[in-house]
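Residue-level structural notes
What follows is each chain in one-letter form.
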Amino acid sequence: NSNSSNQSASSNYNHQGNHRRDRNNRRDSNDEKNDGNNNPDPNQSSFSSVNLPKAPNAILEYQVIDAGKGFITFDASKSRDMYGNQCTSFEFDFGDGTPSVVISSPTISRSYAASGTYQVRLTVLDMTGLLGATFVDIIINKSPSQE
């Protein structure tokens, strides 16, 4: 049956070289450009697998220092690039409408002016210029006398 789904191709060659056939037994275009000595056409491109750099892994931890005053320390020291190196720059956006802070140290402390839920965003930069980001939600419950 000529409509069979099982197809195979086989070929016999009497000379050296790279030979490929597709499922319809057609010659690969590289067969035409081979010099017969197993040397493909130098004008043909060849590609190999390359590990592209990956964005650093941003990790943000925090510790409440004084809950009544809304004082918290943020720690990004576990953030690493794909090779395990510490990141070179840390941007903290505290989620309270104040400008973000960019520093070279992975730790920073912050006192919040009002109770509420804040989304704190960390963006890290590695040595190759790649960025990674994460965020945490924090809840501040200041003492009424501290508001």
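Predicted model only: the values in this text are computed from it and were never measured. (Residues numbered from 1 in each chain as written. Predicted model: local features only at pLDDT ≥ 70, side-chain atom pairs only at ≥ 80, totals over all residues. Heavy atoms only, no water.)

All right, on to the pairing of strand β1 (residues 61–66) then. Here 5 bridges tie β1 to strand β2 (residues 71–75), and the two strands are oriented antiparallel to one another. Note on β2: the bridge partner recorded for Glu61 is Asp75. Counted along the chain from β1 to the antiparallel partner β2, the turn is 4 residues long, and its residue Gly70 has a positive phi close to 70°. (Pairing = 2+ DSSP bridges. Helix = DSSP H or I, 4+ residues; strand = E, 2+ residues; numbered from the N terminus.)

Bringing the sheet that holds β1 into the picture now. Strands sit in the order β1-β2-β5 across an open sheet of 3 strands; the sheet is antiparallel. Edge positions in the sheet fall to β1 and β5 (107–111), since each has one partner strand and no second. Within the sheet, the average angular offset between the axes of one strand and its neighbour, ignoring direction, is 20°. In this structure, β2 lies alongside β5, joined through 5 bridges in antiparallel fashion. Bridging across to β5, Phe71 finds its partner in Ser111. (Axes fitted to C-alpha atoms, helices over the stretch in contact; angles between N-to-C directions.)

Let's shift gears to the pattern of salt bridges. Taken as a whole, this structure holds 2 salt bridges when the rule is applied. Notably, a salt bridge pairs Asp96 with Arg110, separated by 2.5 Å at the nearest N-O pair. Residue Asp96 is located in the loop between β3 (89–93) and β4 (101–103), and its partner Arg110 is located in strand β5; the two are separated by 14 residues in the primary sequence. (Salt bridge = Lys/Arg side-chain N within 4 Å of Asp/Glu carboxyl O.)

Among the structural elements, Asp126 can be located in the loop between β6 (116–125) and β7 (131–140). Here Asp126 is buried and forms no salt bridge, its nearest opposite-charge partner Arg80 lying at an N-O distance of 12 Å. Of the polar contacts made by the side chain of Asp126, one reaches the backbone nitrogen of Gly129; its length is 3.0 Å. When near neighbours in sequence (up to four residues on either side) are disregarded, Asp126 contacts Lys54, Pro56, Asp81 and Thr88. (Buried < 20%, exposed > 50% of the residue type's maximum accessible area, 1.4 Å probe, protein only. Lys, Arg positive; Asp, Glu negative; His and termini not counted. Polar contact = N/O pair within 3.5 Å; in protein donor to acceptor, adjacent residues only side chain to side chain. Contact = heavy atoms within 4.5 Å.)

The subject of this paragraph is the packing of aromatic side chains. Within the structure shown, the criterion is met by 4 aromatic pairs. Aromatic side chains Tyr62 and Phe74 sit 6.3 Å apart centroid to centroid with 45° between the ring planes, which places their arrangement in the tilted category. Separated by 12 residues along the polypeptide, Tyr62 in strand β1 and Phe74 in strand β2 bring together distant segments of the chain. Taking 4.5 Å as the distance between ring centres and 35° as the angle between the ring planes, the aromatic pair formed by Tyr112 and Tyr118 counts as tilted. For the residue pair Tyr112 and Tyr118, the accessibility class agrees, reading buried in each case. In textbook terms, an aromatic cluster arises when at least three aromatic residues are bridged by ring pairs, as seen for Tyr62, Phe74, Phe92 and Phe94. A cation over a ring is seen here: Arg110 above Tyr112, with NZ or CZ 5.9 Å from the ring centre. (Phe/Tyr/Trp six-rings, centres within 6.5 Å; stacked < 30°, edge-to-face > 60°. Lys NZ or Arg CZ within 6 Å of the ring centre and 35° of its normal.)

Core analysis: the biggest nonpolar cluster contains 18 residues, and Phe74, Phe92, Tyr112, Val120, Leu122 and Ile138 have the highest contact counts within it. Of all the secondary structure elements, the ones that give two or more residues to this core are β2, β3, β6 and β7. Ranked by residues supplied to this core, first place goes to β6 with 4 residues. Apart from the residues lying within four places of it in its own chain, the contact partners of Ile138 are Tyr62, Ile72, Phe74, Tyr112, Gly116, Thr117, Tyr118 and Val120. (Core = buried A, V, L, I, M, F, W, Y, C linked by side-chain atoms within 4.5 Å.)

Overall, the predicted model of the chain reaches an average pLDDT of 78, with 65% of residues at or above 70. Below pLDDT 50 for its whole length, residues 1–26 participates in 26 contacts with residues either more than four positions away or in separate chains. Low pLDDT, under 50, characterises residues 28–32; the stretch is placed with 8 contacts to residues that sit more than four places away or in other chains. (pLDDT = per-residue confidence, 0-100.)

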